[in-house]
Amino acid sequence: HSDVDVVVASLVPAYGCQRRTPLTNKNCIFTDALETLSKEASFCGSDGRSLAFIRAASVLRSLPSTLTTIEELNRLPGFGEHSKRVVQEILEDGFSAEVERVTQKEKYQTMKLFTNIFGVGMKTANRWYQEGLRSLGDLRNSQKLKLSKQQEAGLQHYEDLNMPVSRAEADLIAKMVEEVAHSFLPGTIITLAGGFRRGKLSGHDVDILITHAQEGREEGLLSKVIGQLQSQGLILYHDLKRNSYHDAFSPDSKSTSNMDHFERSFSIFRLKVASHIGDIGARDHSPESSKDWKAVRVDLVVTPISQYPYALLGWTGSKHFERELRRFSCNEKKMVLNSHALYDTVEQKILAATCEEDIFLYLGLEYMPPSDRNA
Ligand code: ATP
Ligand code: MN
Ligand code: MN
């Protein structure tokens, strides 16, 4: 390494949570390819390989300009041989033959189709593939297949749930939830988290955090809110989970699960929409095609105010940004971060936060606004 290389390298830090990653991505042509290979690897059960591709894509995502030469890659962290080869291929030919090949594969296409069903993970999708199932029709017609309530709803509303949710739709849903929450508990604070908080114009779902300035007042609120919405016919599916941070939560537990312990519901809302006359009959001839509503996935998460900054940070994403925050905390600071708290394993204490800025400060990281967390 020359001195110049070292200086340039220091411009792109190794952890995704140390890099500003705005929404605009000047390197889509590369990141799309790398993300396809990441998916393919995860479909094959190779989580390590999958993550390597995600890491490489995330580095390119943070660059202010489009990559033009392979030499530039040598100054970037996170690039293994395989990712390098893919970028080189695209630089030379304008596309990657390997990626083209992957997207043609029956297994890749089927796994993608199946894992896009709400409630279907890698394991289930793979089992179905091994059993010879290939299409949604196969799933719908299968006699012996036993689906969970969640998967049934996911399959039933597949088309709607795989249409992007607009910012306007997300705001509408947040407002619906807020109105009902206020009718039970004035002062309830509703926050749109997830991709929309990072500035995305559309998303695959709506992530909503619910809290109240008085600790404890929020407990039990969600079941009332869901019950009320349900009586208005606005809920197509929900699975209410009680909070479990009183019993199960231990910040220094060796639990590898990323699931948090909030009272929550992963639900499907029935959202009224203006029917598009032009669309009617264009896709199919079922009475469904004239429907004036759309199924929308909504994640509702209730948090006590004392854990709210951690919940907000954890539920704003991106997924890779969160993964990198936790990796940084653990490797560089000997601290355990999750959506409930930050635990200092050296001092053996939980660090309380009143806002997201506090958390970045504890970690010795420069504060990143949500719009820069698109890692
Ligand atoms: P999209 O537009 O696709 O919805 P997104 O960034 O909002 O993009 P989500 O899958 O909705 O993606 O996740 C938002 C954030 O919530 C992520 O940072 C993720 O880590 C967190 N999250 C999602 N599911 C869970 C869960 N079951 N437990 C804890 N955190 C979760
Ligand atoms: Mn989301
Ligand atoms: Mn979500």
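Remember, predicted model here, so these are calculated numbers, not experimental data.

Asker: Explain the coordination of the manganese ion (ligand 2) to me, and be specific about the residues and the numbers.
Answerer: Between any two of four tetrahedral donors, the ideal angle at the metal is 109.5 degrees; between two of six octahedral donors, it is 90 or 180 degrees. Protein coordination of the manganese ion (ligand 2) is provided by Asp205 (OD) and Asp207 (OD), with donor distances spanning 2.0 to 2.1 Å. The metal-metal distance between the manganese ion (ligand 2) and the manganese ion (ligand 3) is 3.6 Å, with Asp205 coordinating both. Here Asp205 and Asp207 have matching classes, each one buried.

Asker: Now, about the pattern of salt bridges: what can you tell me, with residues and values included?
Answerer: Under the counting rule described, the total for this entry stands at 18 salt bridges. Between Lys241 and Asp239 there is a salt bridge, with the nearest N and O atoms lying 3.4 Å from each other. Exposure remark for Asp239: the relative accessible area of 16% places this residue in the buried category. What you see here is one network of salt bridges that share partners, running through Arg20, Glu366 and Asp372.

Asker: Please give an account of the side chain of Arg198 that cites residues and values.
Answerer: On the secondary structure map, Arg198 appears in the loop between α12 (194-197) and β3 (202-203). The side chain of Arg198 is buried and forms no salt bridge, while Asp207, the nearest opposite charge, is found at 6.9 Å. Setting aside anything within four residues of it in sequence, one finds Arg198 in contact with Leu23, Thr316, Gly317, Ser318, Pro370, Ser371, Arg373 and Asn374.

Asker: Outline the nonpolar core, listing residues and values.
Answerer: Generally speaking, soluble globular proteins have nonpolar side chains that are buried together. Counting 36 residues, the largest nonpolar core has Leu60, Leu76, Ile117 and Leu139 as its most contacted members. If you list the elements that add at least two residues to this core, you get α2 (28-43), α3 (47-61), α4 (81-93), α5 (97-104), α6 (106-115), α7 (122-130) and α8 (136-141). If near-sequence neighbours (up to four positions away) are discounted, Leu60 is found in contact with Asn25, Asn27, Phe30, Thr31, Leu34, Leu67, Leu73, Leu76, Phe79 and Val87. Within the second largest apolar cluster, 27 residues are counted, among which are Val206, Leu221, Phe269 and Val298.

Asker: How would you sum up the coordination of the manganese ion (ligand 3)? Please name residues and give values.
Answerer: All of the protein donors around the manganese ion (ligand 3) are Asp205 (OD), Asp207 (OD) and Asp299 (OD); their distances to the metal are 2.1 to 2.3 Å. Spacing between the donor residues of the manganese ion (ligand 3) along the chain follows D-x1-D-x91-D. What makes Asp207 buried here is its relative accessible area of 10%.

Asker: Any chance you could break down the sheet that holds strand β9 (residues 335-337) for me, citing the residues and the numbers?
Answerer: With antiparallel pairing, the 3 strands of this open sheet are ordered in space as β9-β10-β11. Bordering the open sheet on either side are β9 and β11 (349-351), each of which pairs with just one other strand. When the angles between neighbouring strand axes are averaged without regard to direction, this sheet yields 25°. Of the strand pairs in this sheet, strand β10 (residues 342-344) and β11 are connected by 3 bridges, and their pairing is antiparallel. For Leu342, the partnering residue across the bridge sits in β11 and is Leu351.

Asker: Describe the packing of aromatic side chains, naming the residues involved and giving the relevant values.
Answerer: Note on aromatic pairs: each is described by the distance of the centres and the angle between the planes. Here the structure, examined in full by the defined rule, presents 7 aromatic pairs. Seen from their ring centres, Tyr15 and Phe328 are 5.2 Å apart, and the 85° between their planes marks the pair as edge-to-face. Of the two residues, Tyr15 is situated in the loop between α1 (3-9) and α2 and Phe328 in helix α15 (residues 319-333); the sequence distance between them amounts to 313 residues. Accessibility assignment for this pair places Tyr15 and Phe328 in one class, buried. Judged by centre distance (6.4 Å) and plane angle (55°), the ring pair of Phe266 and Trp315 falls under tilted. Of the two residues, Phe266 sits in strand β7 (residues 263-272) while Trp315 sits in helix α14 (residues 308-316), which places them 49 residues apart along the sequence. Here the two residues Phe266 and Trp315 agree in accessibility, since each one is buried.

Asker: Kindly report on the environment of Ala274, identifying the contributing residues and their values.
Answerer: Among the structural elements, Ala274 can be located in the loop between β7 and β8 (293-302). With relative accessibility at 61%, the residue Ala274 sits in the exposed group.

Asker: Quick rundown of the environment of Val120? Include the residues and the values.
Answerer: Relative to the assigned elements, Val120 resides in the loop between α6 and α7. A relative accessible area of 7% means that Val120 is categorised as buried. C-alpha separation for the pair Val120 and Ala181, spaced 61 residues apart in sequence, amounts to 30 Å. Setting aside its immediate chain neighbours within four residues, Val120 contacts Phe114, Thr115, Ala125, Trp128 and Gln151.

Asker: How would you explain the packing of α2 against α6 if you had to name every residue and give the values?
Answerer: Running from N to C, α2 and α6 point in directions that differ by 85°, and their axes come no closer than 10 Å. For the element pair α2 / α6, the angle class is roughly perpendicular. Packed against α2, whose contacting residues are Thr36, Lys39, Glu40 and Phe43, the element α6 presents Lys107, Tyr108, Met111, Lys112 and Thr115 at the interface. When the residues that make up the contact of α2 with α6 are grouped by side-chain class, the tally is 3 nonpolar, 2 polar and 4 charged.

Asker: Let's hear about unusual backbone geometry: which residues, and what values?
Answerer: The peptide bond linking Gly317 to Ser318 adopts the cis configuration, its omega dihedral lying at -5°. Residue Gln348 is not a glycine yet carries a positive backbone phi of 55°. Counting through the fold element by element, Gln348 comes out in the loop between β10 and β11. Given a relative accessible area of 60%, Gln348 falls into the exposed group.

Asker: Provide a residue-level description of the site of ligand 1, including the pertinent values.
Answerer: Taken together, 18 residues surround ligand 1, and among them Gly195, Lys200, His204, Asp205 and Lys319 come closest. Contacts to ligand 1 include Gly195, whose backbone N or O atom sits 2.8 Å from an oxygen atom. Interatomic distance of 2.8 Å between a side-chain N/O atom of Asp205 and an oxygen atom of ligand 1. Protein chains bury 82% of the 620 Å² of accessible surface belonging to ligand 1 in isolation. Every element with two or more residues in the shell around ligand 1 is listed here: α12, α14 and α15. When the residues that make up the shell around ligand 1 are grouped by side-chain class, the tally is 3 nonpolar, 8 polar and 7 charged.

The rules behind each value
Residues numbered from 1 in each chain as written. Chains lettered and ligands numbered in written order. Predicted model: local features only at pLDDT ≥ 70, side-chain atom pairs only at ≥ 80, totals over all residues. Heavy atoms only, no water. Donors = N, O, S within 2.8 Å, 3.2 Å for Na, K, Ca; no water. Buried < 20%, exposed > 50% of the residue type's maximum accessible area, 1.4 Å probe, protein only. Salt bridge = Lys/Arg side-chain N within 4 Å of Asp/Glu carboxyl O. Helix = DSSP H or I, 4+ residues; strand = E, 2+ residues; numbered from the N terminus. Lys, Arg positive; Asp, Glu negative; His and termini not counted. Contact = heavy atoms within 4.5 Å. Core = buried A, V, L, I, M, F, W, Y, C linked by side-chain atoms within 4.5 Å. Pairing = 2+ DSSP bridges. Axes fitted to C-alpha atoms, helices over the stretch in contact; angles between N-to-C directions. Phe/Tyr/Trp six-rings, centres within 6.5 Å; stacked < 30°, edge-to-face > 60°. Parallel < 35°, antiparallel > 145°, perpendicular 65-115°, else oblique. Nonpolar A, V, L, I, M, F, W, Y, C, P; charged D, E, K, R; others polar. Near = heavy atom within 4 Å. Polar contact = N/O pair within 3.5 Å; in protein donor to acceptor, adjacent residues only side chain to side chain. Areas by Shrake-Rupley, 256 points an atom, 1.4 Å probe, with all protein chains shown as cover.

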